[in-house]
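Residue-level listing of the chains:
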Amino acid sequence: MRIGYIPPIPAEIFAASPHEAQNLWSHFALATNREEWLATARMAGLSDSAPFWARSLYAIAIENELEEVWYPDPGVPQEVRAALSLLQGQGIRIRPFHFPILRNIERLQGALDDLCRDLDVDQRALKSSLEQWSHVRVALRRFDALQYKNGAFPSLAYTRTLAKAMNPGKDIEGHRRELERQILEFEGSRQGRWTKIGFIGLTPYRSGLYKLLDEMNAIVVYDEWGLENNPQGPARDLVSHYHQSSLPYGLKRRQERILKEIAERRLRGLILGVECLCHNIREQGFFRSTLPLPVFTFDNCSGDGLRPTEEANLRRFMLDCSSCS
């Protein structure tokens, strides 16, 4: 069966399943041209004012003839739910993966067990998948450490590598080799002296932002979405990994993780990526009032280039970040 899934969700179980599974966010984030997807979504009745991600999600599922799409609950914004509802109307089965509303390791274990059963994953296949992923995680930690300590990779390359690592396919070993190749090719970079920026929220994907960051000698060394969907912390098993994750468990839990990353990575500013600002007012207000750094809200839902007002506001934000001690 051909299935798709939307993070945050336990990718290792999908990798261990006998089905052809793909991470729909990775497919979207790594694309270089999304115009055909937007045209498909328009024909289905999705408004041009809806987020690129939601419209593309619908089109990717149709294009790949998916039979099922899994999504995290809670954790999916209403515009994505609208796209899922349209897919359901097309005969695609829409399935939720239920994170506990409050962090509870026993209930999370039950949800993982249910997912394994629904995807026909036996314990032998899951154990093999986890062993393979453990090697990927080691390489990804080394890759990430090079970024925040040395500014080793361009910002776009860094976020795209994290997005690619979310999509296991069946070649998990290939992911590991690719990461090791990037690490081995690093020879030192002057970007280590650049202004260190972090992304929170949904990773920005408009190319104009990355061009401006490069121009202003700023580099992304933390990507909340990319790292939280590639669990990195020490854990003895799958339930421990996802119990540590902050994304499904609300703003306070995310704040605790982000504060830790600010200190460790020596961040000077944070860019909050949003799809619909009107649905993220609470998130914006919370992070601006509780984090000790400038927080800039960046709207993903525009063309690749920056509008003059966006560029001017980003430049002011970067100057504020440069002056932070």
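Above this note sits the structure.
Note that the structure is a prediction, hence the values are computed from the model and not measured.

S.K.: Before we move on, can you summarise the overall build of the protein chain with the specific residues and values?
M.R.: Helix and strand content of the protein chain: 15 helices and eight strands. In terms of C-alpha radius of gyration, the protein chain reaches 19 Å, essentially the compact-globule figure of 20 Å for 325 residues. Principal-axis analysis of the C-alpha atoms gives the protein chain an extent of 55 × 45 × 40 Å. A buried classification covers 56% of the 325 residues belonging to the protein chain. A fraction of 73% describes how many contacts in the protein chain between residues 6 or more apart in sequence connect residues 24 or more apart. Of the roughly 14,700 Å² of accessible surface on the protein chain, 49% is carried by carbon and sulfur atoms. Within the protein chain, one finds 41 positive and 41 negative side-chain charges whose respective centroids are separated by 5 Å.

S.K.: Describe in detail the sheet that holds strand 3 (residues 68-73), supporting the description with residues and values.
M.R.: Strand order in the open sheet made by the four strands is 2-1-3-4, with parallel pairing throughout. Edge strands, defined here as strands with exactly one partner in the open sheet, are strand 2 (20-23) and strand 4 (93-98). Each strand axis lies, on average, 25° off the axis of its neighbour in the sheet, ignoring direction. Sheet analysis places strand 1 (residues 2-5) next to strand 2, joined by four bridges and oriented parallel. Considered in strand 2, the bridge of R2 is made with E20. Sitting on the sheet, helix 5 (residues 78-89) is in contact with strand 3 and strand 4, with an inclination near 150° to strand 3.

S.K.: So what about the side chain of E228? Which residues, and what values?
M.R.: Considering the arrangement of structural elements, one finds E228 in helix 11 (residues 224-228). A distance of 2.4 Å separates polar atoms of two side chains, one belonging to E228 and the other to R257.

S.K.: Can you lay out the packing of helix 7 (residues 123-150) against helix 8 (residues 155-165) for me, pointing to particular residues and giving the numbers?
M.R.: Interhelical geometry of helix 7 versus helix 8 gives an angle of 170° and a closest axis separation of 12 Å. Compared by their axis directions, helix 7 and helix 8 come out roughly antiparallel. Residues W133, L140, F143, D144 and Q147 of helix 7 form the contact with helix 8, whose participating residues are Y158, T161, L162 and A165. Per-class residue counts for the contact of helix 7 with helix 8 are six nonpolar, two polar and one charged.

S.K.: Mind laying out unusual backbone geometry, listing which residues take part and the relevant values?
M.R.: Across the junction of P7 and P8, the peptide omega takes the value 0°, indicating a cis bond. Relative to the helices and strands, P8 is located in the loop between strand 1 and helix 1 (11-16). The omega angle of the peptide bond from D73 to P74 is 0°, so this bond is cis rather than trans. The residue E65 is not glycine, and still its phi comes out positive at about 50°. Here E65 shows up in the loop between helix 4 (52-63) and strand 3. Positioned with a positive phi, R266 is a non-glycine residue whose angle comes to about 55°.

S.K.: Just give me the short version of the packing of aromatic side chains, but keep the residues and values in it.
M.R.: Taken as a whole and assessed by the stated rule, the structure comprises 16 aromatic pairs. Seen in terms of ring centroids, Y5 and F14 are 4.2 Å apart; in terms of plane orientation they differ by 20°. Their pairing is stacked. Accessibility assignment for this pair places Y5 and F14 in one class, buried. Geometrically, the ring pair formed by F99 and Y249 is edge-to-face, given 6.1 Å between the ring centres and 85° between the ring planes. With F99 in the loop between strand 4 and helix 6 (105-118) and Y249 in the loop between helix 12 (238-244) and helix 13 (250-265), the pair connects residues that are 150 residues apart, well separated along the chain. Each member of the pair F99 and Y249 is classed as buried. An aromatic cluster is defined as three or more aromatic residues linked by ring pairs; in this entry it consists of W25, F28, W53, Y205 and W225. It is R34 that lies over the ring of F28; its NZ or CZ is 4.3 Å from the centre.

S.K.: Outline the nonpolar core, supporting the account with residue identities and numerical values.
M.R.: Membership of the largest hydrophobic core comes to 50 residues, with the highest contact counts inside it found for L270, I271 and L314. Top element by residues in this core is helix 7. It accounts for eight residues. The contacts of L270, once residues within four sequence positions are left out, are G198, I200, I258, I262, L291, L293, P294, V295, F296 and F317. With 34 residues, the next largest nonpolar core counts A59, V80, M166 and L247 among its residues.

Reading guide: rules and limits
- Residues numbered from 1 in each chain as written.
- Predicted model: local features only at pLDDT ≥ 70, side-chain atom pairs only at ≥ 80, totals over all residues.
- Heavy atoms only, no water.
- Helix = DSSP H or I, 4+ residues; strand = E, 2+ residues; numbered from the N terminus.
- Rg over C-alpha atoms; globule rule 2.2 N^0.38 Å.
- Buried < 20%, exposed > 50% of the residue type's maximum accessible area, 1.4 Å probe, protein only.
- Contact = heavy atoms within 4.5 Å.
- Areas by Shrake-Rupley, 256 points an atom, 1.4 Å probe, with all protein chains shown as cover.
- Lys, Arg positive; Asp, Glu negative; His and termini not counted.
- Charge placed at Lys NZ, Arg CZ, Asp CG, Glu CD.
- Pairing = 2+ DSSP bridges.
- Axes fitted to C-alpha atoms, helices over the stretch in contact; angles between N-to-C directions.
- Polar contact = N/O pair within 3.5 Å; in protein donor to acceptor, adjacent residues only side chain to side chain.
- Parallel < 35°, antiparallel > 145°, perpendicular 65-115°, else oblique.
- Nonpolar A, V, L, I, M, F, W, Y, C, P; charged D, E, K, R; others polar.
- Phe/Tyr/Trp six-rings, centres within 6.5 Å; stacked < 30°, edge-to-face > 60°.
- Lys NZ or Arg CZ within 6 Å of the ring centre and 35° of its normal.
- Core = buried A, V, L, I, M, F, W, Y, C linked by side-chain atoms within 4.5 Å.

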